[in-house]
Amino acid sequence: MDFAEDLKQRIRGVIGTEKDFVPLHVPEFHGRERELLIDCIDTGWVSSVGSYVDEFEAEVARLSGCAYGVVVANGTAALQVALIVAGVNAGDEVLMPALTFVATANATTHLGAVPHFVDSAYDTLGICPERLRAHLEGVAEVRDGQTVNRQTGRRIAAVLPMHVFGCPVDMDRLNAVLIDWPMEVVEDAAESLGSTYKGQLCGSLGTAAAVSFNGNKIVTTGGGGAIVTNNEALAKRAKHLTTTAKLPHKWAFLHDEVGYNYRMPNLNAALGVAQLEQLDTRLAQKQRLFDAYADALRGLNEVQLFHAPEGSVSNNWLVTLVLDPAHAKDRDHLLQELNDAGIMSRPIWTLMHRLPMYQSAPRADLTQAEDLEARVLNIPSSAYLGAREGAAA
Ligand SMILES: *Cc1c(COP(=O)(O)O)cnc(C)c1O
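Everything numeric here is computed off the predicted structure, so don't read it as measured data. The numbering scheme is per chain: residues are counted from 1 as the chain's sequence reads. Where totals are concerned, whole chains, interfaces and linings use all residues; where local detail is concerned, this predicted model gives features only for residues with pLDDT of at least 70, and gives and counts side-chain atom pairs only at 80 or more. Note: side-chain values were computed over all heavy atoms of the structure, leaving out hydrogens and water.

1. Topic: the overall build of the chain
Logical step 1: Numbered from the N terminus, helices here are DSSP runs of H or I no shorter than four residues, and strands are runs of E no shorter than two. Per the secondary structure count, the chain includes 12 helices and 16 strands.
Logical step 2: Here the C-alpha coordinates of the chain stretch approximately 70 × 60 × 35 Å along the principal axes.
Logical step 3: Burial statistics for the chain: of 393 residues in total, 55% are counted as buried.
Logical step 4: Partitioning the contacts of the chain with sequence separation of at least 6, the portion at a separation of at least 24 is 71%.
Logical step 5: We count Lys and Arg on the positive side and Asp and Glu on the negative side, and we leave His and both chain ends out. The atom standing in for a charge is NZ when the residue is Lys, CZ when it is Arg, CG when it is Asp and CD when it is Glu. Charge-centre separation for the chain: the mean point of 33 positive side chains lies 3 Å from the mean point of 48 negative side chains. Exposure classes here rest on a 1.4 Å probe applied to the protein chains alone. A residue is buried below 20% of its type maximum, exposed above 50%, and partly exposed in between. Every residue pair with non-hydrogen atoms within 4.5 Å of one another is taken to be in contact.

Written as C-alpha cells, this is what we have:
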C-alpha cells in the first residue's frame, strides 16, 4: 500500500471516522468557563482589573513553577516584556532558534533588539547547545563579563530557548555552554505549559519566561499571555510596564516611564481560571492521545512519532511526525493527501531567516534546522480526539 494511504488509515484509527474534517487543535471548554464569564458580566468587572486577573496570575505562576505571574494581552507581548525585564536593551542581540514561530523573533524586534538565529537539535527540536557553542566560539568573545558578537559589535544579551510543541530544551546542556558565554536565559514557554525538564516545570528554567493562551494553545483565554518569574523585582517591573507604568494613586494620573497597555481583561482571565482548573485532565488526555498514536504508528518506517527525550515530560501540545530522510521529498504529497482527507496537517514553520524581514539578521550555520524544516509535520492533536465526548470534566 502507498505510504500516505497507510498513514491516513492509521491516523483515522486513532481519531475516528465520523468527522469530515478534523482540525489540528481545538479549544476545549468543559469546566466553569460559562459560570465565571457570566459572573464578570453580572458584576460589571469585564475590563482591565478584577479578581480573576489576580487569581489567574497566581495560578499561572504556580503551574509554571514560579512565585510570580503577570498576565497580558498575548504571548508576543509577554515575550517582549520578559526580555525587557531580564535586561535586554534596544541594540542588543538575542539568540534564538531559526526554527520557531515568528512571534519569538518579532517580540525581540519590537523592543529594538536583534534576533540572532541558531541551529536546532534532533533530540528536542529546540536550540542545539553544542551547535550554539561552536557558533559562539566562531563569532563571539567575552568582554567585561558580557558576550559580544565580534562581527556586529553588539552585545548578545540573552538566549531564548523555545520548547517546541511542548518538548523541553535540554537546559543542562544549554547552561553548560552559558558558563563560558554569559547571558540571560528567557524561555519562550508559549507552547509548553505543564511540560517538565528533569522534574522542573517549563517557565521556571530561566530568569523569566513567556506563556501564551492563544486559542490554539493547550489552554486558552481567547487571546492572552503571561510573564512568569521567581524574581520579585522583575515581576513588579513587568506589572508596572504592562499597566501603563502608572504610579498607584487614588485619582492622579502619574506615569514614570513609557509603559504599555498590555493588560489582560478580567473576562479573559475568568476564562483562564476555568481553563487552568482542567490542566491536569487536559494533560492526561494529551498523553492518552499520544499513546494511541504511538500504538497506531508502530512499525511504520517512513515516519517516526517524535517524543521527548528521557528526563523530559512534554505536554504533548502538538503531535509531531518526523519523516525519514529518504522520504523528505514526499512531505508535500503527504500534506496534500492528509488535508484532502480532512485530516488537518501542517509542516513545521518556515525558518526565520527565509522570511523577508529576517533575511539579513545574524545567524549561525543552520544545517540541522534546515533538515528538520523539510521533515517535520503536525497532525490532529486536540485533547479529546478519539475519546468519549464529554468524558472531559
Ligand atoms: C503562540 C506562540 C507565541 C505567542 O503567541 P501569541 O499568539 O502572541 O499569544 C510565541 N512563541 C511561540 C513559539 C508560540 O507558539
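2. Section: the site of the ligand
Logical step 1: Any residue with at least one heavy atom within 4 Å of a molecule or strand is counted as near it. Within the structure, the ligand sits among 14 residues, and Gly75, Thr76, Glu191, Ser212 and Lys217 are positioned closest to it.
Logical step 2: Here a polar contact is taken to be a pair of N or O atoms separated by no more than 3.5 Å, where protein atoms must pair a possible hydrogen donor with a possible acceptor and residues adjacent in sequence count only if both atoms sit in side chains. Between the ligand and Ser212, the relevant distance is 2.7 Å, taken from an oxygen atom to a side-chain nitrogen or oxygen of the residue.
Logical step 3: In the complex, the protein chains occlude 92% of the 380 Å² of accessible area that the ligand would expose alone.
Logical step 4: At the level of elements, helix H4 (75-85) and helix H5 (102-110) are the ones that each hand at least two residues to the shell around the ligand. In this description, accessible areas are obtained by the Shrake-Rupley approach with a 1.4 Å probe, and a residue is regarded as covered only by the protein chains that are shown.

3. Concerning the state of the cysteines
Here a disulfide denotes one covalent bond, and it connects the sulfur atoms of two cysteines.
Logical step 1: The rule for a disulfide is simple: a pair of cysteine sulfur atoms within 2.5 Å. By the definition in use, this model includes zero disulfides.
Logical step 2: Looking at the unpaired Cys66, the closest cysteine sulfur is the one in Cys202, lying at 11 Å.
Logical step 3: When its relative accessible area of 9% is taken as the criterion, Cys66 is described as buried.
Logical step 4: Sulfur of Cys202: no disulfide; nearest cysteine sulfur belongs to Cys167 and is 8.5 Å away.

4. Observations concerning the environment of Leu178
Logical step 1: Along the chain, Leu178 falls in helix H7 (residues 171-178).
Logical step 2: On a C-alpha basis, the gap between Leu178 and Leu132 in space is 9.8 Å, while along the polypeptide they are 46 residues apart.

5. Here we look at a nonpolar patch on the surface
Logical step 1: A cluster of nonpolar side chains, namely Ile41, Val46 and Leu267, defines an oily patch on the protein surface of about 230 Å² accessible area.
Logical step 2: With respect to the secondary-structure elements, Val46 resides in the loop between helix H2 (33-43) and helix H3 (51-63). Distance thresholds for patches are 9 Å for like charges and 5 Å for nonpolar side chains (Val, Leu, Ile, Met, Phe, Trp, Tyr), applied to residues having over 30% relative accessible area and no salt bridge. One speaks of a salt bridge when a side-chain nitrogen belonging to Lys or Arg is within 4 Å of a carboxyl oxygen belonging to Asp or Glu.

6. With respect to H2
Think of an α-helix as turning once every 3.6 residues; residues three or four places apart then point the same way.
Logical step 1: Taken together, the buried positions of H2 are occupied by Glu33, Leu36 and Cys40. For H2, the angular spread of the buried residues around the axis is 80°, confining them to a single face. In H2, the exposed residues that point more than 90 degrees away from the buried face are Arg34, Ile41 and Asp42.
Logical step 2: For H2, the secondary structure elements touched by its buried residues are H3 and helix H9 (266-276).
Logical step 3: Following H2 by one or two positions, Gly44 adopts a phi angle in the positive range, close to 85°. Directions pointing from the helix axis toward each C-beta atom define the arc.

7. Focus on the packing of H4 against H5
Logical step 1: Note on geometry: axes are lines fitted to C-alpha atoms, helical ones only across the stretch in contact, with angles between N-to-C directions running from 0 to 180 degrees. Packing of H4 against H5 leaves a shortest axis separation of 8 Å and a crossing angle of 50°. For the element pair H4 / H5, the angle class is oblique. Of the two possible hands of crossing, H4 and H5 adopt the one that is right-handed. Taking contact as the criterion, the partners of Thr76, Leu79, Gln80 and Leu83 in H4 are, on H5, Ala103, Thr104, Ala107, Thr108 and His110.
Logical step 2: Among the residues making up the contact of H4 with H5, the classes are represented as four nonpolar, five polar and no charged. In these notes the angle categories are as follows: under 35 degrees is roughly parallel, over 145 is roughly antiparallel, 65 to 115 is roughly perpendicular, and the rest is oblique. Helix crossings are classified by the rotation of the near helix relative to the far one: an anticlockwise turn of less than a right angle makes the crossing left-handed, while a clockwise turn makes it right-handed. The classification used treats Ala, Val, Leu, Ile, Met, Phe, Trp, Tyr, Cys and Pro as nonpolar, Asp, Glu, Lys and Arg as charged, and all other residues, Gly among them, as polar.

8. Some words on the nonpolar core
Logical step 1: Working definition of a nonpolar core: buried Ala, Val, Leu, Ile, Met, Phe, Trp, Tyr and Cys residues. They are joined through side-chain atoms within 4.5 Å. Membership of the largest hydrophobic core comes to 80 residues, with the highest contact counts inside it found for Phe56, Phe165 and Phe213.
Logical step 2: Tallying contributions element by element places H4 first for this core, with eight residues.
Logical step 3: Throughout, the edges of the domains are those of an automatic or database domain assignment. Structurally, this core is a two-domain feature, drawing no fewer than three residues from each of domain 1 (3-28 + 279-387) and domain 2 (33-276).
Logical step 4: Judged by nonpolar contacts, the second largest core, of 24 residues, contains Val303, Val319, Leu321 and Ile379.

9. Side note on the side chain of Asp188
Logical step 1: Summarising the element assignment, Asp188 is placed in strand E7 (residues 184-188).
Logical step 2: Although Asp188 is buried, it makes no salt bridge; Lys217 carries the closest opposite charge, 7.4 Å away.
Logical step 3: At a separation of 3.1 Å, a polar atom in the side chain of Asp188 contacts the main-chain amide nitrogen of Ala190.
Logical step 4: Contact partners of Asp188, with chain neighbours within four places excluded, come to Leu79, Thr104, Leu160, Pro161, Met162, His163 and Ala210.

10. Some remarks on the sheet that holds strand E13 (residues 312-313)
Logical step 1: The antiparallel open sheet is built from three strands, whose spatial order is E9-E8-E13. In the strand order of this sheet, the two ends are held by strand E9 (200-201) and E13, each with one partner.
Logical step 2: By this definition, two strands are paired if DSSP reports at least two bridges between them. Note: strand E8 (residues 196-197) against E13, two bridges, orientation antiparallel. Note that in E13 the partner of Thr196 across the bridge is Val313.

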